[in-house]
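# Structural overview
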Amino acid sequence: MIRLRGMTWKHDRGLAPMIATAAAFQQSHPEIEIQWESRSLSEFGEAPVAQLAKRYDLVVLDHPYMGELAKSSAFLPLDDFLSADLLREFQSDSAGRSHQSYQMAGHQWALAIDAAAQVAGYRVDLLEREGVGLPHTWLDVFELARIRRGFVSVPLWPLDSLICFFTLCANLGDVPLKDGRGLVARENGMYALDLLRRLRACSVRKSMNENPIAVWERMSSTDETAYCPLAFGYSNYSRKGYRSKPLSFDIIPSAGCGPVGATLGGAGLAISAGCAHRQAALDYASWVACRDCQRTLYVESGGQPGRRSAWEDDSPNRLTAGYFHATLPVIERAWVRPRFCGFVQAQNRAAEVIASFLKDSISAGEALQELDRCLVSSPN
């Protein structure tokens, strides 16, 4: 019996599809058993991953780690083991730049099995109760927020605050850290920080302790918040019966350039270089990432596929009340964070700078200076 161990993140979107695909794969490959474990969302986004390669054969991870992976050689360069035709097919059917985000130093380090970007989420019933529609611009968002504090709210956990800042800059048309230049133009950085501070002021009081999952959980179980303009999307919360109060999702508000610049998220499936059963792991990973699995079992078991064709398919959209159709324009125009070795650590330091700004410990000007020091001065 071949046994593989896998690590993913702890949410129905992350763990349930891996368990389901492992069981289905074993039915057609009875000699292969795959056991999946999970870690918290914060560990998924912040903890070192190279050490996981020593304990697990398969690891679901985030694309900002690609520089670290390329340097460590702890994971397999998949292009050395999978055919060029197969990888081209994966790339041509990628939801936005999801597949491309796992490329670094001339190699493909993971397969994009999951795709996400920041989207807007809302409660139809609460908006209708107030007689208001969906906001389309940031001016509209703050008009909506006047109804009461918490009616509009965003997750402002330090890393999520930083990601919101990135998105607000890119939404202005000023892509952060572009082509090795500075962070962003000063006037755009100041404008984004001002929007972020205004979002903090209108959000629930505990917003600085919330991540996207916490916001979607609260919105789908209480009537405190009707609209969230920026948070990584989770199609689970739009599915009938998943929670008592279903959510709907839409494109993010615009600063004048349309629904552009949402920070790309998602997850890729990587294989440890120390895996003793490489072919079994490669076969499983390729199957999970294939079009048929992605648009059927993967999404049906709670996953959020990395394939554009699955996002466009009617079946996943019926299952999720149109989540994929509604938010595809955002993911197709999302911004990909830098992935140089050391970026994750730089990102974590920058997140603490944003947290200090939102706590009024430093000024906007000081925050921009510190963000530039953390992110621009980091070694590439």
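Residues numbered from 1 in each chain as written. Predicted model: local features only at pLDDT ≥ 70, side-chain atom pairs only at ≥ 80, totals over all residues. Heavy atoms only, no water.

### Comments concerning empty space enclosed by the protein
- Scanning all chains against the criterion turns up one cavity of 30 Å³ or more.
- Estimated volume of the largest cavity: approximately 60 Å³.
- For the lining of the largest cavity, the class distribution of residues is three nonpolar, three polar and two charged. (1 Å grid on protein atoms, 1.4 Å probe; cavity = no way out; pocket = protein on both sides within 12 Å on 5 of 7 lines; lining within 4 Å. Points joined across faces, edges and corners; volume = space filled by probe spheres on them. Nonpolar A, V, L, I, M, F, W, Y, C, P; charged D, E, K, R; others polar.)

### Observations regarding the side chain of Asp 114
- By the element assignment, Asp 114 lies in strand β6 (residues 111–114).
- Separated by 2.7 Å, the side chains of Asp 114 and Arg 13 make a polar contact.
- Setting aside residues no more than four positions away along its own chain, Asp 114 makes contact with Trp 9, Arg 13, Gly 266, Ala 267, Tyr 298, Gln 304, Pro 305 and Gly 306. (Helix = DSSP H or I, 4+ residues; strand = E, 2+ residues; numbered from the N terminus. Polar contact = N/O pair within 3.5 Å; in protein donor to acceptor, adjacent residues only side chain to side chain. Contact = heavy atoms within 4.5 Å.)

### Re the sheet that holds strand β1 (residues 2–9)
- Within the open sheet, the five strands sit side by side as β2-β1-β3-β10-β6. Their pairing is mixed. This sheet does not close on itself; its edge strands, each paired only once, are β2 (32–39) and β6. Strand-to-strand twist of the sheet, defined as the mean angle between neighbouring strand axes without regard to direction, takes the value 25 degrees.
- When β1 meets β2, the two strands line up parallel, connected through eight bridges. Considered in β2, the bridge of Gly 6 is made with Trp 36.
- Packing of helix α1 (residues 16–28) onto the sheet brings it into contact with β1, β2, β3 (58–61), β6 and β10 (267–271), and relative to β2 it is tilted by some 175 degrees.
- Here helix α10 (residues 278–288) sits on the sheet in contact with β1, β2, β3, β6 and β10, set at roughly 165 degrees to β10. (Pairing = 2+ DSSP bridges. Axes fitted to C-alpha atoms, helices over the stretch in contact; angles between N-to-C directions.)

### Side note on the pattern of salt bridges
- Applying the stated criterion to the full structure yields 22 salt bridges.
- As a salt-bridge pair, Arg 3 and Glu 33 come within 2.9 Å of each other at their nearest N and O atoms. One end of the pair, Arg 3, is in strand β1; the other, Glu 33, is in strand β2, with 30 residues separating them in the sequence.
- The salt bridge partner of Glu 312 is Arg 308, with a shortest N-O separation of 3.8 Å. Of this pair, Glu 312 and Arg 308 both sit in helix α12 (residues 308–312), four residues apart, which is roughly one turn of that helix.
- Residue Glu 312 is classed as partly exposed on the basis of its relative accessible area, which comes to 41%.
- Within this structure, Glu 89, Asp 93, Arg 291 and Arg 307 form a network of salt bridges that share partners. (Salt bridge = Lys/Arg side-chain N within 4 Å of Asp/Glu carboxyl O. Buried < 20%, exposed > 50% of the residue type's maximum accessible area, 1.4 Å probe, protein only.)

### Quick notes on the sheet that holds strand β8 (residues 227–232)
- Across the sheet, three strands lie side by side as β8-β7-β9; this open sheet has antiparallel pairing. Looking at which strands have only one partner, the edges of the open sheet turn out to be β8 and β9 (248–250). Strand-to-strand twist of the sheet, defined as the mean angle between neighbouring strand axes without regard to direction, takes the value 35 degrees.
- The strands touched by helix α7 (residues 158–171) within the sheet are β7 (118–122) and β8, with β8 carrying the most contacts at an inclination of about 100 degrees.

### Some thoughts on the packing of aromatic side chains
- This structure, assessed with the given rule, holds 13 aromatic pairs.
- Ring centres of Phe 25 and Tyr 284 lie 5.4 Å apart, and the angle between their planes is 75 degrees; this geometry places the pair in the edge-to-face category. Here Phe 25 is found in helix α1, whereas its partner Tyr 284 is found in helix α10, with 259 residues between them in sequence. No difference in accessibility class separates Phe 25 from Tyr 284, as the two residues are buried.
- Taken together, a centroid distance of 5.2 Å and an interplanar angle of 85 degrees make the contact between Tyr 323 and Phe 324 edge-to-face. Comparing Tyr 323 with Phe 324, the two get one shared label, buried.
- Taken together, the aromatic side chains of Trp 216, Phe 249, Trp 311, Tyr 323 and Phe 324 make up a single cluster linked through ring pairs. (Phe/Tyr/Trp six-rings, centres within 6.5 Å; stacked < 30°, edge-to-face > 60°.)

### Things to note about the packing of α1 against helix α11 (residues 291–300)
- Following both chains from N to C, one finds α1 and α11 inclined at 110 degrees, their axes separated by 9 Å at the closest point. Classed by the angle they form, the pair α1 and α11 counts as roughly perpendicular. When α1 is examined against α11, the residues Pro 17, Met 18, Ala 20, Thr 21 and Ala 24 are found in contact with a partner set consisting of Cys 293, Leu 297 and Tyr 298.
- Grouping the constituent residues of the contact of α1 with α11 by class yields seven nonpolar, one polar and no charged. (Parallel < 35°, antiparallel > 145°, perpendicular 65-115°, else oblique.)

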